[in-house]
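# Structure at a glance
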Amino acid sequence: MGMIGCYIRMDDENVKEFQNGAELDSFGNNDNMLDIDKSWHAIHFVLSGEVWGFDEDDPLSQVVLGGAPVNDDDMGYGPARLLEKDLVKKAADALESWDQKAFQDGFSMDDMVENEIYPVMIDESEEEFFEYVWSYFQEVKKFFRQAADCGQNIISFIY
């Protein structure tokens, strides 16, 4: 299975319900959930230049691993994290300028292997891996824009 990255768009009321103990799976459906498979770590590395950290002043840096823990529940690889709607809007706006060239300029297979970015393997085809990550990045970009346009928060987690 591996470590899978997920996002769920939520309004303020649903976030409060989740923070107060409602099960996360009661909020996700095909319309407001995005599964980015194992691409999450590579996307984070390209956007932030960090292996695990993020810059609280940089919305792009927070797209994958940013936000504040919602609660103490371990989703598999740590707690779910809340990206509040103001941050979602800033991130969506910042992602707008990231076209394929910009993404490819920040994409270095050698750096990913050296920094043990999941799920990169040393013998992986760079072209195939780029296409895999790029396809999910486009979905992330669209998902953040939808959330921003609807004034929604995003819950992210890795399981």
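For the structure itself, consult the block above.
This section reports on the structure supplied with the text.

Conventions used here
Residues numbered from 1 in each chain as written. Predicted model: local features only at pLDDT ≥ 70, side-chain atom pairs only at ≥ 80, totals over all residues. Heavy atoms only, no water. Buried < 20%, exposed > 50% of the residue type's maximum accessible area, 1.4 Å probe, protein only. Helix = DSSP H or I, 4+ residues; strand = E, 2+ residues; numbered from the N terminus. Pairing = 2+ DSSP bridges. Core = buried A, V, L, I, M, F, W, Y, C linked by side-chain atoms within 4.5 Å. Contact = heavy atoms within 4.5 Å. Axes fitted to C-alpha atoms, helices over the stretch in contact; angles between N-to-C directions. Parallel < 35°, antiparallel > 145°, perpendicular 65-115°, else oblique. Left-handed = near helix turned anticlockwise from the far one by under 90°. Nonpolar A, V, L, I, M, F, W, Y, C, P; charged D, E, K, R; others polar.

## Thoughts on the pairing of strand S1 (residues 5–10)
- By the criterion of burial, S1 is predominantly enclosed, with 6 of the 6 residues buried.
- Side-chain alternation along S1 places Gly5, Tyr7 and Arg9 on one buried face and Cys6, Ile8 and Met10 on a second face that is also buried.
- Where S1 lies against strand S5 (residues 153–158), 6 bridges are found, and the strand directions are antiparallel. In the strand pairing of S5, Ile8 is matched with Ile155.
- As defined by bridge partners, S1 adjoins strand S2 (residues 33–35) across 3 bridges and the pair is classed as antiparallel. Among the inter-strand pairings, Tyr7 is bridged to a residue of S2, identified as Leu34.

## Brief notes about the nonpolar core
- Counting 39 residues, the largest nonpolar core has Tyr7, Ile43, Val63, Phe103, Phe107, Met112 and Phe144 as the members making the most contacts within it.
- Put simply, the parts of the chain that give this core at least two residues each are helix H2 (40–48), helix H3 (85–95), helix H5 (109–114), helix H6 (126–149) and S5.
- Beyond its immediate stretch of four places on either side in the chain, Phe144 contacts Tyr7, Val63, Leu83, Val88, Ala91, Ala92, Leu95 and Ile154.

## Here's the deal with the sheet that holds strand S3 (residues 68–69)
- Spatially, 5 strands are ordered S2-S1-S5-S4-S3 in an open sheet, and the strand pairing comes out antiparallel. Of all the strands in the sheet, just S2 and S3 have a single pairing partner and so form its edges.
- The pairing of S3 with strand S4 (residues 81–83) spans 2 bridges and is antiparallel. Pairing of Pro69 across the sheet is with Arg81, part of S4.

## Looking at the side chain of His41
- Along the chain, the position of His41 falls in helix H2.
- Not counting residues up to four positions away in its chain, the partners in contact with His41 are Val51, Trp52, Glu116, Ile117 and Tyr118.

## Points about the packing of H3 against H6
- Contact geometry for H3 and H6: axes closest at 8 Å, N-to-C directions at 135 degrees. Between H3 and H6, the angle falls in the class oblique. Considering only the axes of H3 and H6, their crossing is left-handed. Touching Val88, Lys89, Ala91, Ala92, Asp93 and Leu95 of H3 are Phe137, Lys141, Phe144, Arg145, Ala147 and Ala148, all from H6.
- Of the residues in the contact of H3 with H6, the class split is 8 nonpolar, no polar and 4 charged.

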